[in-house]
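Letter by letter, the chains look like this.
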Amino acid sequence: MFKNVIMYRIAAEWSLSAQEIETRLQDNHFVECGASQERSIGWIEPRGEAHGPLLEVVAGQWILKLMTETRALPASVVNRKAQERVAKIEASTGRKPGKKETRDLKDDIRLELLPMAFTKQSSTQVWIDRAANLLVVDAGSQARADELATLLVQSLPGLALSLLNTRLSPSAAMAEWLVSQEAPQGFSVDRECELKAADESKAVVRYARHRLDTDEIKQHIEGGKMPTRLALTWDDRVSFVLTEGLQLKKLAFLEVVFEGASQGKDDGFDADVAIATGELQKALPALLEALGGEAPLA
């Protein structure tokens, strides 16, 4: 259900109910791009059922989903069409259009071509753990997560979010684990790592499907290269790649997690949510503890 994790802390005083959230989200319900619209963003039904709720509550956990649709209109196409029109004007009038006129031509061409451009949709899932005051975004980039967080704050009165920070930086912690060849309690180090130099060289060393308990790794770190990514597994149940920005990527739930889980054909969504959130409710606090605990807000 989740492939990535970016965590935000929810201000403790926020107290909007699930029903109030549902009502507010309807004001930003997703609508497909219009003929001349380049981008559209809004909330959709997490369960995928038309006209269903925009906030799903499963085992006390709240699930939302944001849809983004963009029209793919390559700049190269617009530029080529503009050059053709500039050449035609120059041939017929003997003058070359200036910069402003050329920009206006490009704007006109974009409006003409947009209705014919293909659209691309992508969705981003959100999990709100009210008991822990934690918001988790399944986004592959910080920019995407921040855009979603901004829209959510605009949609829900009183909501205040802040990126979660730890007392020990992920990079420093990963370096310590690699040099000591000792993973934090409950975790194991897997076979993927990226090290990057902080000097002008910006040299990068990547290891994939490779043992990391070697002197070579230590030498890289002692030479000034710091870990920016490290593959970890928690309790033989959840594997992921931790980044220097406290993001979890390549999140995967291992087979033992699904042993004994219901296989009913009608409860797939609920089972996936319950399993994923149930595991992360234990794995995320363990990771934060391994990183020295959560840093207080400045």
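Analysis parameters
Residues numbered from 1 in each chain as written. Predicted model: local features only at pLDDT ≥ 70, side-chain atom pairs only at ≥ 80, totals over all residues. Heavy atoms only, no water. Helix = DSSP H or I, 4+ residues; strand = E, 2+ residues; numbered from the N terminus. Rg over C-alpha atoms; globule rule 2.2 N^0.38 Å. Buried < 20%, exposed > 50% of the residue type's maximum accessible area, 1.4 Å probe, protein only. Contact = heavy atoms within 4.5 Å. Areas by Shrake-Rupley, 256 points an atom, 1.4 Å probe, with all protein chains shown as cover. Lys, Arg positive; Asp, Glu negative; His and termini not counted. Charge placed at Lys NZ, Arg CZ, Asp CG, Glu CD. Expected span 1.5 Å × (residues − 1). Arc of directions from axis to C-beta. Pairing = 2+ DSSP bridges. Axes fitted to C-alpha atoms, helices over the stretch in contact; angles between N-to-C directions.

Our focus in this paragraph is the overall build of the chain. Across its full length, the chain carries eight helices and twelve strands. Scaling as 2.2 N^0.38, a compact globule of 298 residues should have a C-alpha radius of gyration of about 19 Å, whereas the chain reaches 24 Å, well beyond that. Considering only C-alpha atoms, the chain reaches an extent of 75 × 55 × 45 Å along its principal axes. Classification of the 298 residues of the chain by burial places 44% in the buried group. Put simply, 68% of the contacts in the chain that link residues at least 6 apart link residues at least 24 apart. Carbon and sulfur atoms provide 49% of the accessible area of the chain, an area that totals close to 15,900 Å². Positive and negative charge centroids in the chain, built from 36 and 44 side chains respectively, lie 9 Å apart.

Attention shifts here to helix 4 (residues 142-155). Between its first and last C-alpha, helix 4 extends 20 Å over 14 residues, near the 20 Å set by a 1.5 Å rise per residue. Along helix 4, the positions that sit buried rather than exposed are A145, L148, A149, L151, L152 and S155. Buried positions in helix 4, seen along its axis, are confined to an arc of 165° and lie on one side of it. In helix 4, the exposed residues that point more than 90 degrees away from the buried face are A143 and Q154.

Turning our attention to the sheet that holds strand 9 (residues 204-208). Strand order in the open sheet formed by five strands is 9-8-10-11-12, and the pairing between neighbours is antiparallel. The open sheet has two edge strands, strand 9 and strand 12 (248-253), and neither has a second partner. Strand-to-strand twist in this sheet, taken as the mean axis angle between neighbours without regard to direction, amounts to 15°. Bridge analysis of strand 11 (residues 238-243) against strand 12 gives four bridges, and the strand direction is antiparallel. Bridge pairing links V238 to F253 in strand 12. Across the sheet, helix 5 (residues 170-180) touches strand 8 (187-197), strand 10 (225-234) and strand 11, and the angle it forms with strand 10 is around 75°. In the packing of helix 6 (residues 215-222) onto the sheet, the strands contacted are strand 8, strand 9 and strand 10, and the crossing angle to strand 9 comes to about 155°.

This part takes up the pairing of strand 5 (residues 118-129). Where strand 4 (residues 61-72) lies against strand 5, eleven bridges are found, and the strand directions are antiparallel. By the bridge assignment for strand 5, L64 is matched with V126. Inspection of the sheet shows strand 5 paired to strand 6 (residues 134-138) by five bridges, in the antiparallel sense. The residue bridging I128 from the neighbouring strand is L135, located in strand 6. A loop of four residues connects strand 5 with strand 6, the two strands running antiparallel in sequence, and N133 in this loop sits at a positive phi of about 50°.

By themselves these figures say nothing about function.
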